[in-house]
Amino acid sequence: LWDRWNDPSRGQVPIGWAVDPNLSLRFPVIYPYLYKTRTANDVMQAGDSGAGYVNPSQLYEPRQYSGLPSGAAVWSRHNEYYYQRFGRSFSGFLTNGYTP
């Protein structure tokens, strides 16, 4: 990330930066730095299924491996917190492992 972020050509074209919002817990200085130093062409987004990593189809019943009730509402609330905190409105992409 740092090599790309510090590249002198950054900001010449629009680009989405998929930095996991959960990283703010493990590396709290990253977001103030990114927001302070971003250009108008640097768009922050959540990648990999939102704030954290999950296989979305495994949130819904029947949950293939755990048998637990649906976790969709919990996952939604988790993402809403981080999306509001960092002004996000969408996930850049979803991953779903080997689930059909």
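Going by the structure above, here's the rest.
Not measured: the values here are computed from a predicted model. (Residues numbered from 1 in each chain as written. Predicted model: local features only at pLDDT ≥ 70, side-chain atom pairs only at ≥ 80, totals over all residues. Heavy atoms only, no water.)

1. Some details on the overall build of the protein chain
Summing up its helical and strand segments, the protein chain has four helices and two strands in all. In the protein chain, of all internal contacts separated by at least 6 residues, the share reaching a separation of at least 24 is 72%. Summing over all exposed atoms, the protein chain offers an accessible surface of approximately 6,700 Å²; the carbon and sulfur share of this is 57%. Averaged over its 9 positive side-chain charges, the protein chain has a centre that lies 6 Å from the centre of its 7 negative ones. (Helix = DSSP H or I, 4+ residues; strand = E, 2+ residues; numbered from the N terminus. Contact = heavy atoms within 4.5 Å. Areas by Shrake-Rupley, 256 points an atom, 1.4 Å probe, with all protein chains shown as cover. Lys, Arg positive; Asp, Glu negative; His and termini not counted. Charge placed at Lys NZ, Arg CZ, Asp CG, Glu CD.)

2. Looking at the environment of Leu34
For Leu34, the position within the fold is in helix H3 (residues 30-37). Overall, the relative accessible area of 0% leaves Leu34 in the buried class. Separated by 47 residues in sequence, Leu34 and Tyr81 have C-alpha atoms that sit 19 Å apart. Among all residues touching Leu34, those that are not within four sequence positions of it are Trp5, Val19 and Met44. (Buried < 20%, exposed > 50% of the residue type's maximum accessible area, 1.4 Å probe, protein only.)

3. Some points on helix H4 (residues 72-85)
Taking 1.5 Å per residue as the helical rise, H4 with its 14 residues ought to reach 20 Å, and the 20 Å between its terminal C-alpha atoms agrees with that figure. Looking only at H4, the buried set comprises Ala72, Trp75, Asn79, Tyr82 and Tyr83. When H4 is viewed along its axis, its buried side chains cluster within an angular range of 100° and face the same direction. In this structure, H4 carries Val74, Arg77 and Gln84 as exposed residues pointing more than 90 degrees from its buried face. Where H4 is buried, its residues touch helix H2 (23-26). (Expected span 1.5 Å × (residues − 1). Arc of directions from axis to C-beta.)

4. With respect to the pattern of salt bridges
Considering all chains together, one arrives at one salt bridge under this definition. Of the charged contacts, one joins Arg10 and Asp42 as a salt bridge, the two residues approaching to 2.4 Å between their closest N and O atoms. Placement of the pair is Arg10 in the loop between helix H1 (2-5) and strand S1 (15-18) and Asp42 in strand S2 (residues 42-45), with a sequence separation of 32 residues. Classification of Asp42 as buried rests on a relative accessible area of 3%. (Salt bridge = Lys/Arg side-chain N within 4 Å of Asp/Glu carboxyl O.)

5. Re the side chain of Ser24
Inspection of the secondary structure puts Ser24 in helix H2. Side-chain polar atoms of Ser24 contact the side chain of Arg85, separated by 3.4 Å. Once you skip the residues sitting within four places of it in the chain, Ser24 turns out to touch Tyr31, Tyr82, Arg85 and Phe86. (Polar contact = N/O pair within 3.5 Å; in protein donor to acceptor, adjacent residues only side chain to side chain.)

6. What about unusual backbone geometry?
Leave glycine aside and you will find that most residues have negative phi; peptide bonds, for their part, are mostly trans. Here Glu61 and Pro62 are connected by a cis peptide whose omega angle stands at -5°. Positionally, Pro62 belongs in the loop between S2 and H4.

7. Description of the packing of aromatic side chains
Counted under the stated rule, the structure contains six aromatic pairs. Measuring from centroid to centroid gives 6.5 Å for Tyr35 and Phe86, while their planes differ by 25°, and the two rings are stacked. Within this pair, whereas Tyr35 is found in helix H3, its partner Phe86 is found in the segment after H4, the two being separated by 51 residues in sequence. Residue classification places Tyr35 among the partly exposed positions, given a relative accessible area of 25%. (Phe/Tyr/Trp six-rings, centres within 6.5 Å; stacked < 30°, edge-to-face > 60°.)

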